[in-house]
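# A structural walkthrough
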Amino acid sequence: DVKVTQSSRYLVKRTGEKVFLECVQDMDHENMFWYRQDPGLGLRLIYFSYDVKMKEKGDIPEGYSVSREKKERFSLILESASTNQTSMYLCASSLMSTGELFFGEGSRLTVL
Amino acid sequence: EDKVVQSPLSLVVHEGDTVTLNCSYEVTNFRSLLWYKQEKKAPTFLFMLTSSGIEKKSGRLSSILDKKELFSILNITATQTGDSAIYLCAVFHQTGANNLFFGTGTRLTVIP
């Protein structure tokens, strides 16, 4: 069965702290994505990766960075968390040839 | 500018009602349109539509795409409280690197 696993379901951090969100998929998908989801704004793409060590900015990359050292793992990094980064973060993966995304269960981050 | 617009933003119905959710889009190099259902956790895949006029059906849910008028509808008949969720529409296109656009979603609430 298809599985995308996000390491933390709930996090509470303080302003200025560094935050790592990890995502692992077991489907050998080329593409991996990080979205944030906010009420009224829907899903917004932060970064995505179409291969190991490859990354592309999405719609809202400011304040975030990513790392993809292995095909199955895609990490989202907040170097210095701010309160406006309080959100639900969703990781997803897909095959290169289709648009169908498989999502992780989400990580709800609160920055105080 | 590419965009995906869903309507209504929210909807409250009684059990047994039939609902129609709308998704219109403007994207270049359209490939497919996808519907997802999101309850409390991650979005789960419902349908992928690539051809106009061909209805996809799964139980009480069905969806159809009109590539001439650039929209899709998602129908749910005999709604149940378990249908309460956010329904997301996304369009997959073959331009550039960021090739999946999401609408903001429709929040459906089904009351007993």
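Residues numbered from 1 in each chain as written. Chains lettered and ligands numbered in written order. Predicted model: local features only at pLDDT ≥ 70, side-chain atom pairs only at ≥ 80, totals over all residues. Heavy atoms only, no water.

## Quick word on the overall build of chain A
Note the following rule: Counting from the N terminus, the helices are the DSSP runs of H or I reaching at least four residues and the strands are the DSSP runs of E reaching at least two. Just to be clear, the radius of gyration here is over C-alpha atoms, and the globule rule we use is 2.2 Å times residues to the power 0.38. Each residue is assigned to one of three classes by its accessible area relative to the maximum for its type, calculated with a 1.4 Å probe on protein chains only: buried under 20%, partly exposed between the two thresholds, exposed over 50%. The contact rule is simple, with two residues in contact once any of their heavy atoms fall within 4.5 Å. Surface exposure here means Shrake-Rupley accessible area, sampled with a 1.4 Å probe, where a residue is shielded only by the protein chains that are shown. Charge assignment: positive for Lys and Arg, negative for Asp and Glu; neither His nor the chain ends contribute. Taken as the charge location is NZ of Lys, CZ of Arg, CG of Asp or CD of Glu.
Summing up its helical and strand segments, chain A has 0 helices and 11 strands in all. For 112 residues, the compact-globule estimate of 2.2 N^0.38 gives 13 Å, and the C-alpha radius of gyration of chain A, at 13 Å, lies within 12% of that figure. Put simply, chain A has 112 residues, and 50% of those count as buried. Summarising the internal contacts of chain A: among those between residues at least 6 apart in sequence, 55% fall at separations of at least 24. Entry remark: accessible area of chain A is about 5,500 Å², with carbon and sulfur atoms responsible for 50%. Each charge sign in chain A was given a centre, from 15 positive and 16 negative side chains, and these centres are 6 Å apart.

## Re the confidence of the model for chain A
Spelled out, the test is: pLDDT measures the predictor's confidence residue by residue and takes values from 0 up to 100.
With 95% of its residues at a pLDDT of 70 or more, chain A has an overall mean of 91. Highest mean pLDDT in chain A belongs to strand β8 (residues 73–78) of chain A (97); lowest belongs to strand β5 (residues 42–51) of chain A (89).

## Considering unusual backbone geometry
Following Ser-7 of chain B, the chain continues to Pro-8 of chain B via a peptide bond in cis, the omega torsion being -10 degrees. Along the chain, the position of Pro-8 of chain B falls in the loop between β1 (3–7) and β2 (10–14). Backbone geometry places Asp-28 of chain A, a non-glycine residue, at a positive phi of 60 degrees. Tracing the backbone through its elements, the reader meets Asp-28 of chain A in the loop between β3 (19–25) and β4 (31–38). Its relative accessible area of 53% is what places Asp-28 of chain A among the exposed residues. Phi is positive for Ala-78 of chain B, which is not a glycine, with a value near 45 degrees. In this fold, Ala-78 of chain B is placed in the loop between β8 (71–76) and β9 (85–93).

## Digging into the pattern of salt bridges
Residue and element names in this part refer to chain A. Short version of the rule: Whenever Lys or Arg places a side-chain nitrogen within 4 Å of a carboxyl oxygen from Asp or Glu, that contact is recorded as a salt bridge.
Summed over the entire model, instances satisfying the criterion amount to 10 salt bridges over all chains. Among the ionic pairs, Asp-28 bridges to Lys-71, the shortest N-O distance being 3.1 Å. Of the two residues, Asp-28 is situated in the loop between β3 and β4 and Lys-71 in the loop between β7 (65–70) and β8; the sequence distance between them amounts to 43 residues. The class for Lys-71 is partly exposed, based on a relative accessible area of 28%. A network of salt bridges, in which partner residues are shared, links Arg-36, Asp-38 and Arg-44.

## Here's the deal with the sheet that holds strand β7 (residues 61–66) of chain B
All names here are of chain B. Condition: Any two strands with at least two DSSP bridges between them are considered paired. To get an axis, fit a line to the C-alpha atoms, keeping to the stretch in contact for a helix; angles then go from 0 to 180 degrees between the N-to-C directions.
Overall, antiparallel pairing links the 5 strands, which are arranged β1-β3-β8-β7-β6 in an open sheet. Edge strands, defined here as strands with exactly one partner in the open sheet, are β1 and β6 (56–58). Going across the sheet, the axis of each strand differs from the next one's by a mean of 15 degrees, ignoring polarity. One ladder, built from 6 bridges, connects β7 with β8; its direction is antiparallel. When the sheet's bridge partners are listed, Ser-62 is paired in β8 with Asn-75.

## Details of the interface of chain B and chain A
Just so we agree on the cut-off: Note on terms: buried area is the combined drop in 1.4 Å-probe accessible area of two parts once they are placed together, counting the loss on both. We define a polar contact as two N or O atoms separated by no more than 3.5 Å, with the added condition that, inside protein, one atom must be a possible hydrogen donor and the other a possible acceptor, whereas residues neighbouring each other in sequence contribute only through side-chain atom pairs. In the scheme used here, Gly and all other residues not listed as nonpolar or charged are polar, with Ala, Val, Leu, Ile, Met, Phe, Trp, Tyr, Cys and Pro taken as nonpolar and Asp, Glu, Lys and Arg as charged.
With 17 residues of chain B at the interface, the matching set in chain A holds 21 residues. Interface area for chain B against chain A, summed over the two sides, is near 1,600 Å², with a carbon-plus-sulfur share of 61%. At the boundary of chain B and chain A, one finds 0 salt bridges. Linking chain B with chain A are 2 residue pairs in polar contact (both at pLDDT 80 or more), by the criterion used here. Counting only elements with at least two residues in the side of chain B that touches chain A, the list comes to β4 (30–38), β5 (44–49), β9 and β10 (100–102) of chain B. Per-class residue counts for the side of chain B that touches chain A are 11 nonpolar, 4 polar and 2 charged.

## Digging into the packing of aromatic side chains
What describes a pair of aromatic rings is the distance from one ring centre to the other and the angle between the planes of the rings. As a reminder of what qualifies: Classification of ring pairs uses Phe, Tyr and Trp, with its six-membered ring standing for Trp, and accepts pairs whose centres are within 6.5 Å; under 30 degrees between planes counts as stacked, over 60 as edge-to-face, and the remaining range as tilted.
Under the definition given, this model contains 10 aromatic pairs over all chains. Ring geometry for Tyr-35 of chain A and Phe-103 of chain A: centres 6.2 Å apart, planes at 45 degrees, overall tilted. Of this pair, Tyr-35 of chain A sits in strand β4 while Phe-103 of chain A sits in strand β10 (residues 102–103); the two residues are 68 residues apart in sequence, bridging distant segments of the chain. On the accessibility criterion, Tyr-35 of chain A (1% relative accessible area) is buried. Members of the aromatic cluster, connected to one another through ring pairs, are Phe-33, Tyr-35, Phe-48 and Phe-103 of chain A together with Tyr-36, Phe-45 and Phe-102 of chain B.

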